[in-house]
Amino acid sequence: MQAVTATPVSAQVLARTALQRAAGLLDVARGAGTVVRLGVDGAVDAETAALADLVASEALAAGTAVLRVRAADFLHRRSVRLEHGPADVDAAFDRWVDWGSLRREVLDPLEDPADLSWLPRLRDAATDRAARETSRTAAPGAVLVVDGPYLLRWELSGALDVAVHLQTSPAALARRFPGDDDPRPGAWARYLDETDPAARADLVVRYDHPDRPALLAGTAP
């Protein structure tokens, strides 16, 4: 079996590489009156958020309008998420984020030049109440940067124009989620098995050590 080549990069270069993939679509989006939708997919919310924030900063520095959304702000109600307890693996994968709302309120309208509305947040996790955000209207040719786990699941098929997948080994996940009753390693394993996100992503990044990311073969800058 041929070894997979990984090219070490800095976080800054990784963010710029992701943005370069989106930049290639910007002229088409402007002409079509739509928005380029870029997703950062990974097992750890804080890590996907950090990289997505860096991508957004690079886009702003380049003079591109940015819409920033987190899947963690589109949660189901706590009663739905925790119906079978906090350690339920299937709930972590299927019932934590309201994927239908994320698609309906953000991803799909930004592909429709007659709409271009988007909702920054759906639910406040701390209060478990609606965030009471109002929909906004995007400018054609902007870049949406959305992050979170499971973004390459089948329910969001076709809803991202550029996808970055942060690949972590089981050992790395065990370091991040050391508790025996934490459902996230099991939910992530189910996601990998059912969805094969690496095969569907535009950029695949070895991310066992976030301070030392590496782009896998075929995605290096």
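Residues numbered from 1 in each chain as written. Predicted model: local features only at pLDDT ≥ 70, side-chain atom pairs only at ≥ 80, totals over all residues. Heavy atoms only, no water.

Below, the discussion takes up the sheet that holds strand S9 (residues 162-167). One open sheet accounts for seven strands, arranged S1-S11-S10-S9-S2-S8-S3; its pairing is mixed. Two strands lie at the open edges of the sheet, namely strand S1 (6-8) and strand S3 (66-70), each paired on one side alone. Each strand of the sheet is rotated relative to its neighbour by a mean of 20°, with strand direction disregarded. Relative to strand S11 (residues 214-216), S1 is paired through three bridges, and the arrangement is antiparallel. Looking at S11, one finds that Thr-7 is bridged to Leu-215. (Pairing = 2+ DSSP bridges. Helix = DSSP H or I, 4+ residues; strand = E, 2+ residues; numbered from the N terminus. Axes fitted to C-alpha atoms, helices over the stretch in contact; angles between N-to-C directions.)

To continue, consider the side chain of Thr-48. With respect to the element layout, Thr-48 can be found in helix H2 (residues 45-61). The buried category is assigned to Thr-48, whose relative accessible area is 0%. Within the structure, the side chain of Thr-48 is placed 3.4 Å from the backbone nitrogen of Gly-148, a separation counted as a polar contact. Sequence-distant contacts of Thr-48, defined by excluding residues within four places in its chain, comprise Val-40, Asp-41, Gly-42, Asp-147, Gly-148 and Leu-166. (Buried < 20%, exposed > 50% of the residue type's maximum accessible area, 1.4 Å probe, protein only. Polar contact = N/O pair within 3.5 Å; in protein donor to acceptor, adjacent residues only side chain to side chain. Contact = heavy atoms within 4.5 Å.)

Further remarks concern the pairing of S9. Of all six residues in S9, five are buried; the element is thus mostly enclosed. In this structure, strand S2 (residues 36-41) lies alongside S9, joined through four bridges in parallel fashion. Pairing of Val-40 across the sheet is with Val-164, part of S9. As paired elements, S9 and strand S10 (residues 203-206) share four bridges and run parallel to each other. Bridge pairing links Leu-166 to Val-205 in S10.

A word on the nonpolar core. What tends to happen in soluble globular proteins is that the nonpolar side chains get buried as a cluster. One finds Val-35, Val-69, Trp-99, Leu-102, Val-106, Leu-110 and Leu-144 to be the most contacted residues of the largest nonpolar core, which totals 38 residues. Elements supplying a minimum of two residues to this core: S3, helix H4 (89-94), helix H5 (99-107), strand S8 (143-148) and helix H7 (184-195). Dropping the residues within four chain positions of it, Val-69 is found in contact with Phe-74, Leu-102, Val-106, Trp-118, Leu-119, Pro-120, Leu-144, Val-145, Val-146 and Asp-147. By size, the runner-up hydrophobic cluster in this structure holds 23 residues, among which are Ala-29, Val-40, Val-164 and Leu-215. (Core = buried A, V, L, I, M, F, W, Y, C linked by side-chain atoms within 4.5 Å.)

Moving on, we come to H2. If you check H2, its first and last C-alpha atoms are 24 Å apart, about what 17 residues at 1.5 Å a residue would give, namely 24 Å. Of all the residues in H2, the buried ones are Glu-47, Thr-48, Ala-49, Leu-51, Ala-52, Val-55, Ala-56, Glu-58 and Ala-59. Tucked inside the fold, the buried residues of H2 contact helix H1 (11-32), S2, S3, S8, S9 and helix H6 (170-176). Just beyond H2, the residue with positive phi is Gly-63, at close to 85°. (Expected span 1.5 Å × (residues − 1).)

It is worth spelling out the environment of Arg-200 at this point. Structurally, Arg-200 is set in helix H8 (residues 197-200). C-alpha of Arg-200 to C-alpha of Asp-182: the two residues are 18 residues apart in sequence and 27 Å apart in space. For Arg-200, the residues in contact, after removing those within four places along its chain, are Leu-152, Arg-153, Trp-154, Ser-157 and Thr-195.

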